[in-house]
Structure formats: structure tokens, C-alpha cells
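# A look at the structure
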Amino acid sequence: MIRIIGILAGLFFALGVLWSFVTGAFTAATEGFGEETAEHAFHEHPLDLELSSDGPLGTWDVPQLQRGFKVYQEVCSACHGLQYVAFRDLADLEYTEAEIKAIAAQFQVPGIDPDTGESVLRAATPTDYIPSPYPNAVAAAAANNNAIPPDLSLITKARHDGSAYVYSLLVGYSAIPEELKAEFPDFSTPPGLYYNRYFPNLNLAMAPPLTSDGQVTYEGGSPTIAQMSEDVAAFLTWTAEPTMAERKAVGWPVLGFLLFATILAWLAKKQIWSSIKPSRKD
Amino acid sequence: MSFPWAQAYEPKTGLTKFLDERLPLPRFVYNAVGAGYPVPRNLNYMWNFGVLAGFALMLQIVTGIVLAMHYAPNALVAFATTEHIMRDVNWGWMMRYAHANGASFFFVVIYLHIFRGLFYSSYKAPREMIWLLGVVIFLLMMATAFMGYVLPWGQMSFWGAKVITGLFGAIPLVGEPLQIWLLGGFAPDNAALNRFFSLHFLMPFVIAGVVILHIWALHIPGSSNPTGVEIKGESDTVPFHPYYTAKDGFGLGIFLLVLMTFVFFLPNFLGHPDNYIEANPLSTPAHIVPEWYFWPFYAILRAFTQDIFFIPAKLLGVLAMFASILVWFFLPWLDKSPVRSGHYRPLFRKFFWFGLIPTMLVLFYCGGAPAEEPFVMLSQIATAYYFLHFLVILPIISSIEKPQPLPYSITEAVLGSDKKPVLGENASPAV
Ligand code: HEM
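These figures come from a predicted structure and were not determined experimentally. (Residues numbered from 1 in each chain as written. Chains lettered and ligands numbered in written order. Predicted model: local features only at pLDDT ≥ 70, side-chain atom pairs only at ≥ 80, totals over all residues. Heavy atoms only, no water.)

As a further point, take the site of the ligand. All names here are of chain B. Close to the ligand lie 23 residues, the nearest being His113, Arg116, Ser122, His214 and Ser224. Trp47 places a main-chain nitrogen or oxygen 3.0 Å from an oxygen atom of the ligand. For the shell around the ligand, the element with the most residues is helix H6 (residues 128-150), which contributes six residues. Across the shell around the ligand, the residue classes tally to 13 nonpolar, eight polar and two charged. (Near = heavy atom within 4 Å. Polar contact = N/O pair within 3.5 Å; in protein donor to acceptor, adjacent residues only side chain to side chain. Helix = DSSP H or I, 4+ residues; strand = E, 2+ residues; numbered from the N terminus. Nonpolar A, V, L, I, M, F, W, Y, C, P; charged D, E, K, R; others polar.)

What follows deals with the coordination of the iron atom of the ligand. Residues and elements named next belong to chain B. Protein-derived coordination of the iron atom of the ligand comes from His113 (NE2) and His214 (NE2), at a distance range of 2.0 to 2.1 Å. Each of the six donor atoms around the iron atom of the ligand contributes to a set of angles spanning 83 to 178°, which defines the coordination as octahedral. In this pair, His113 is assigned in helix H5 (residues 92-119) and His214 in helix H9 (residues 190-219), connecting sequence segments 101 residues apart. (Donors = N, O, S within 2.8 Å, 3.2 Å for Na, K, Ca; no water. Tetrahedral: all angles 85-135°; square planar, octahedral: opposite > 155°, others 65-115°.)

Among the secondary structure elements, Ser77(A) is positioned in the loop between helix H3 (62-74) and strand E1 (82-86). The residues contacting Ser77(A), other than those within four sequence positions of it, are Tyr72(A), Phe107(A) and Pro133(A). (Contact = heavy atoms within 4.5 Å.)

Within the fold, Lys247(B) resides in helix H10 (residues 240-265). Of the buried charged residues, Lys247(B) lacks a salt bridge, with Asp248(B) as the closest side chain of opposite charge at 7.7 Å. Excluding residues that lie within four positions of it along the chain, Lys247(B) makes contacts with Lys269(A), Trp273(A), Leu43(B), Asn44(B), Tyr45(B) and Asn48(B). (Buried < 20%, exposed > 50% of the residue type's maximum accessible area, 1.4 Å probe, protein only. Lys, Arg positive; Asp, Glu negative; His and termini not counted. Salt bridge = Lys/Arg side-chain N within 4 Å of Asp/Glu carboxyl O.)

Below, the discussion takes up the interface of chain A and chain B. Listed as interface residues are 58 residues of chain A and, on the opposing side, 73 residues of chain B. With both chains or domains summed, chain A and chain B bury close to 5700 Å², and 72% of this area falls on carbon and sulfur atoms. On the chain A side of the interface with chain B, the three residues burying the most area are Arg3(A), Phe13(A) and Tyr84(A), jointly 12% of the side's total. When the shortest N-O distance is used, the salt bridge between Asp88(B) and Arg88(A) registers 3.9 Å. Taken together, chain A and chain B are joined by 15 residue pairs in polar contact (both at pLDDT 80 or more). Looking at the side of chain A that touches chain B element by element, the count peaks at 18 residues for helix H1 (residues 2-31) of chain A. The class makeup of the residues in the side of chain A that touches chain B is 33 nonpolar, 13 polar and 12 charged. (Buried area = accessible area lost by both parts, 1.4 Å probe.)

Attention now moves to the packing of aromatic side chains. Residues and elements named next belong to chain B. For the structure on display, the rule yields 53 aromatic pairs over all chains. The interplanar angle of 55° and the centroid separation of 6.2 Å between the aromatic rings of Phe138 and Phe297 together place this pair among those described as tilted. Of this pair, Phe138 sits in helix H6 while Phe297 sits in helix H11 (residues 295-303), placing them 159 residues apart in sequence. Of the two residues examined, Phe138 and Phe297, each falls in the buried class. Ring pairing ties together the aromatic residues Phe107, Tyr111, Phe138, Trp292, Tyr293, Phe294, Trp295, Phe297, Trp328 and Phe364, which thus form one cluster. (Phe/Tyr/Trp six-rings, centres within 6.5 Å; stacked < 30°, edge-to-face > 60°.)

Once that is clear, we can look at the domain arrangement of chain A. Residues and elements named next belong to chain A. In terms of domains, chain A is made up of domain 1 (40-81 + 152-266) and domain 2 (83-131). Between the C-alpha centres of domain 1 and domain 2 there is a distance of 26 Å. At the junction of the two partners, domain 1 supplies 15 residues and domain 2 supplies 14 residues. In this assembly, domain 1 packs against domain 2 so that about 1200 Å² is buried in total across both faces, 68% of it on carbon and sulfur atoms. Considering only the side of domain 1, the residues that lose the most area to domain 2 are Gln66, Phe69 and Trp238, jointly responsible for 41% of the buried surface there. Where domain 1 packs against domain 2, one counts zero salt bridges. Joining domain 1 to domain 2, the criterion identifies four residue pairs in polar contact (both at pLDDT 80 or more). Elements with a minimum of two residues in the side of domain 1 that touches domain 2: H3 and helix H8 (225-240). Sort the elements by how many residues they give to the side of domain 1 that touches domain 2 and H3 lands first, with six residues. (Domains from an automatic or database assignment.)

Moving on to H1(A). With 30 residues, H1(A) should reach 44 Å at 1.5 Å per residue; the first-to-last C-alpha distance of 43 Å fits that figure. Of the positions making up H1(A), those classed as buried are Gly6(A), Gly10(A), Phe13(A), Ala14(A), Gly16(A), Val17(A), Ser20(A), Thr23(A), Gly24(A) and Ala28(A). At its buried positions, H1(A) is contacted by H11, helix H12 (313-334) and helix H14 (375-400) of chain B. One or two residues past the end of H1(A) sits Gly32(A), with phi positive at roughly 75°. (Expected span 1.5 Å × (residues − 1).)

Before going further, it helps to examine a negative patch on the surface. Residues and elements named next belong to chain A. Where like charges cluster on the molecular surface, the negative patch consists of Asp48, Glu50, Asp54 and Asp161. Among the structural elements, Asp54 can be located in the loop between helix H2 (38-42) and H3. Residue Asp54 is classed as partly exposed on the basis of its relative accessible area, which comes to 38%. (Patch = residues over 30% accessible without salt bridge, like charges linked within 9 Å, V, L, I, M, F, W, Y side chains within 5 Å. Areas by Shrake-Rupley, 256 points an atom, 1.4 Å probe, with all protein chains shown as cover. Charge placed at Lys NZ, Arg CZ, Asp CG, Glu CD.)

This structure, assessed with the given rule, holds 17 salt bridges over all chains. Measuring nitrogen to oxygen at the nearest pair gives 2.9 Å for the salt bridge that ties Arg67(A) to Asp231(A). Here Asp231(A) lies in helix H8 and Arg67(A) lies in helix H3, a separation of 164 residues in the sequence. Salt-bridge contacts for Arg345(B) lead to Glu401(B); the nearest nitrogen and oxygen are separated by 2.9 Å. With Arg345(B) in the loop between H12 and helix H13 (346-368) and Glu401(B) in the loop between H14 and helix H15 (410-415), this residue pair connects regions lying 56 residues apart in the sequence. Judged by its relative accessible area of 11%, Glu401(B) falls in the buried class. Ionic contacts of the salt-bridge type, sharing partners, join the residues Lys124(B), Asp335(B), Arg345(B) and Glu401(B) into one network.

This paragraph deals with the environment of Ala369(B). Residue and element names in this part refer to chain B. For Ala369, the location among the structural elements is in the loop between H13 and H14. Considering only alpha carbons, one finds Ala369 and Ile288, 81 residues apart in sequence, at a separation of 9.8 Å. When residues no more than four places from it in sequence are discounted, the contact partners of Ala369 are Arg302 and Phe375.

Following this line, the structure appears as C-alpha cells:
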């Protein structure tokens, strides 16, 4: 009885889904698999980016993180906050306590006037988190053509291949390529948006933030746009997971111990089973 | 469990004698997973995964309890407390990555455990109850994992919760009120997050309870084995301890090596980047996908794109998705072949390796892919095969197939002939 009901149920689901298949196949045969879009044809995967924090032996390149922080502070922080990074965390980048205090003091955060109790803006202290420049999302949208600049704390973990993506985006602005115009005459970049081949829909609401070499002054030199982009991508890799280098460093002894223990367990197993060989033949 | 030749427990020390008369816990352990439990001597490594599943469950409970000490199930701060765990809590990143990847590898282990059962037909008499309880555990695991994934309150947490709870909306008449009641609102929000946290904390203990029943039921007939021939005599078995404790110890080492490689070096490989974006009800992700271990079932859900008479496609998908697991409950009665092991079932074996396994892989791949062609069409063919396999092919094979000759006993399968001394004079089992 179960088997008869089972066969009927099986046929019901199988025929039901095959009906969907036939209808889908008919649509595909008559209309094709949908049209090619400019986004699909011209969106590019991120460029290769090599950082010292990559790979199983990765460690932070502290001078690079400092340069990246400088780029963030002078350029990106005009629009983006880092709400999960406190100024005190910058100790990881080997800034001294006094330097951290001085850096924090350059940012304004909401506070309360101790004398009047009124809401005011005060200079940040090391325990504050790196603030967004906008008081709220509405203000952020109003100032940016309705696109809200995202918080950057986790940006490199929140995108596929995130560090390379951030780097690519910063160096990826250009005019609309001629081939694209030829193939998709309807495609356009509306005012207030900027063509960027690494952005999924090709039109990005962020104006190119790094526009000229030496825009940020480095100690002893004027960096290229690519250099600044790489440095800030490295910095944002750190902000996304400040514990990453520690994680990789701890991983090796853990795996080493487990390997050792597993070999011992293997030898013990062999020893114990050797008394009743052969153990299996099928 | 109670084979006449099982070694008997004898308390030796004062303490164990004292305990044995008052609370015979050492005796219980000795008979359950000690030298007092005879087990087939020919189990292969596929029989390691039950113990590994038990270990994975305990790992989830331990890491989960620590995480719960630092997490707050409130939609305003859930995402931030998760980041607080990653950044500020001592070893918090390790706990969180171990819990997230631990869940994934719990499912890896369970899938291997289930497919072992399917290949060796472990679900057949007298082990139906073990199997049925196993399917219950699997359903509980899916519910637990689903609710756990909502807790960090990222974009995939939110939209996954919205899509899956939305499935209840497909039920005729009561669907919509039911969905609102389950969520405590029209969309996932604080009420849903709170109850998901409460249930996510509770359910592992429910699972642990069902696991106890699962193992209790297992100890009545004892484990099956790769030949599927039942135990005939003492020479077919070895005591669980030290033989299988040693083998399970080695298996545990391999499991931990793999898991820890992911925890320390690839912790986000199995996750989705969108879950590092805080939940935002106003912004729908381009592709909403569940965690990888749900992909085969998600593919079945999405395979139904056409209504059939008065049944809407969405409802069909929901029914099919639940049915795809519920059919497992009926396997012991669908597969009537007297032979258990796939090794001796030529036709069954062919459909298993060339039908079921590729189908599962296709469903898995399509479930993770966007709902576009050709993935939808592929998953439709695979879904059809999936149901035909369990509900039509398996019952038919089991009536028409001519099984290959079985060995007389496990001992014969291992040694070539039976009635030879096994645990001979020079080889006494260590206890
Ligand atoms: C937390 C989850 C689970 C735990 C801790 C667990 C534990 C165990 C253990 C320790 C064994 C004996 C060792 C072995 O055969 O590997 C076993 C056997 C078995 N389990 Fe599970 N199990 C779980 C889930 C499941 C599920 C989901 C199913 C099936 C849907 C299942 C089906 C079976 C069957 C059929 C056996 C007997 C196998 C045989 O003797 O051939 N189990 N389980």
C-alpha cells in the first residue's frame, strides 16, 4: 500500500516539475535565454592585488596600513565612517597613545555639554568610534544624490574578493568605452553617476575620490593613484578584521598539534588492530 | 547489544564498586561504548561519522554557549554585538568562526552519515527506528541552522528569514495569518529575532535528546556493517573499546584538522559576503541564497515554476521541498530488497552512483546559482529524478533485482572462511 501511494506521489512531483521544465524549455526555445546586457558584458572582475596579509602566512604591513589610514582620513572620511573601529584600535598600527589622542581630536562626535546638558559636537577621544561625517542616513542621502555612502569598516569582507574590489574600484573610473557605446547604444551614465567597469551595474554614485598623483602627501614622496588605492585597500582589509594576522599566527600551532595528535592516534589504531588482521576484505 | 559473548563489567576499585551498587554509571558506559559492547569487526570508515556527528553537536553547544554570553538578540544591536565578538571579546573571533564553520562541517558529517545509510540500506529492519529518529534529527538540525543564520542580522540573515518564513504564506487559507504569527509581525524584525534566538538556544538540547534515543535504538540490534549480513557469532565482532575507540579517535583527528584549517585559514569561504552588511529591509540583495547545506532543497523549492490546475507553483515548490525529506521516512518500507548492502545489489548500486549522487550534486550546484537558465531547467530534471529515484525506481528495483551471493558471515567476508580462530591464543583483545 505504501509503495502504491509512494509511486503515485513520486509520479505527481516528477510530472509536476517536468511540466515546469517543458514550459520553460518552450519559452527558451521561442525567446532564447534573455538578452545580453551591458552590465553583464562589460562588468569586469577585480584586478589582482597582492597584500602582505594574504595567504596562510599573512601579516600586516604596518607602514602600509598607516599610509592607508592617511588616505582614509584625508579622502574617504569626508563621506564614509568606520563605525566598528575605535580610535584606540589604531594602536595596532603602532601609533603611540599621544598620536592616537591627537588623531581622535581631529574628528567631531555627538556629545553632551557638561554644563548645560545640550547636545553638542565635541572632539573625539580614543574610546570613540570613527564617526560618519553625517548626523544620520537622511542627511547622508541628501548630501549624495540619494545614495548613502556605506560605512567602510567591513567593506572588504562584504564584497566578493573585497580587498581587490576596493582597489579596482578606485582605479577603475573611465569614460564609457567606445565598444560599449557601439554594442549598447541605449546605455548611458546619468548625471551624478560615474562609469566604473568594476562596479556591478557600471554606474557608480561615488565621484572618483583619487584624481591626481600626490593627492595625499606621503613622507618622502608623492604617491600614484594606484599606490594610494592599494594602501587604502590594505587599511580597509585591516579594519574588516583586525584579528586576522593573529588568527593565522595561532592557526599553525593548532594544526601542528592536531597533526601530531592524529599521527599518534593513527599509530595507536594500527597497533590495536594489528592483533586481528586481516581487518577487512569486501 | 546483549550478545551472549559480550564481556561483563566487573568493578575493581573501591570507588567503582561503591558506584556500581548505587549509580552504575561506569557499568552503563562500559556496556554502551566500552569493552562490553561487541561491534562488527568489518566496519569501514563510513561508520565513523556517527561519533563525529556527536562530537560536532557538542562543539556547537560549547561554542554557542560562549557566543550567547556576548551576543544580544535585539535588531538594533545584533549585528554590532556580532562584530563586538569578532573584535573585542578575547578569542571571540575563534569562537564565532568555530561555531559558523562547525555548523557547516556538522552538515558535511551528517550528509556522509545519511548517504552511508542509503548505500548500505542501514534503514532496513531491524534498524527502522534508528533511521526514523535520524530523519527527525536532520529536520531539527535544519531548523536550528536556519534560525542560527538569522542571528548575526546581516543581509542574508534577514532576507533568508523573509524568504523561508514566506513559504508558510503559500499554504492555502491559513498561510498568511500563520506567517504573521510565526514572525510576530509582517516581516522579520525584533520579535522574530528574539524568538529565533530563544529557539536556537533550545533546539540543540532537543537534538541531543533525540540523539540519545537514536543511540539507544542503535544498541538494540547493534550496528550494521558493509556486508549487511547480521552478526552470527563471536568471531564476527570485536569489543567497541579499544578497537573502535581507537579508530574513532583517529577519525576525530582528521575531522579536526579539516575543520581547523577552515576556522583559521578559510573562515569565510563557506559564508556569503552579504552577511557582513547589516540587515536592511529596504534593500534586497541581488541573489538571495541560503547556506550551502540547504542548496539541494532550495533548488527543489525553486524548480516548480508552473501552476498545476488550481495548485500554485509556489505551493508545489514548498510541498516538494518538504516531501523531498519526508520520503526518507518511508524508505524502510519502499525498499523491499532482503539484501542490505549496495555491494551485493548490482542494479541498486548503478542507480545510486549514476542516478542519485549526480542528481544531488546538480541540485546542490543549481540551488546555489541564481534562478536563471540553464540552472532552473537543470534543477527541474534533477528534481524529477530525485522523486522518481526514491518513490518509483527504488521500489521497482527491489522487486526485480537479482542480488549477488552474500557471504555466509562477516567472518567469512573478512577471512575467506568462517570457523577459524580469530582472537587466537597469541592475540587476546586488549581491554
Ligand atoms: C546529531 C546527529 C546524529 C548523531 C550524533 C548520530 C549518531 C550516530 C551514531 C554514534 C551511530 C553509530 C555509529 C555509526 O554508525 O556511524 C549512528 C548510526 C546510525 N545513524 Fe545516526 N546520528 C545522527 C544523525 C543521523 C541522521 C540524520 C540519520 C539519517 C537520516 C542517521 C541514521 C543512522 C543510521 C541508519 C545508523 C545505523 C547505521 C548502521 O548501523 O549501519 N543518523 N548514528
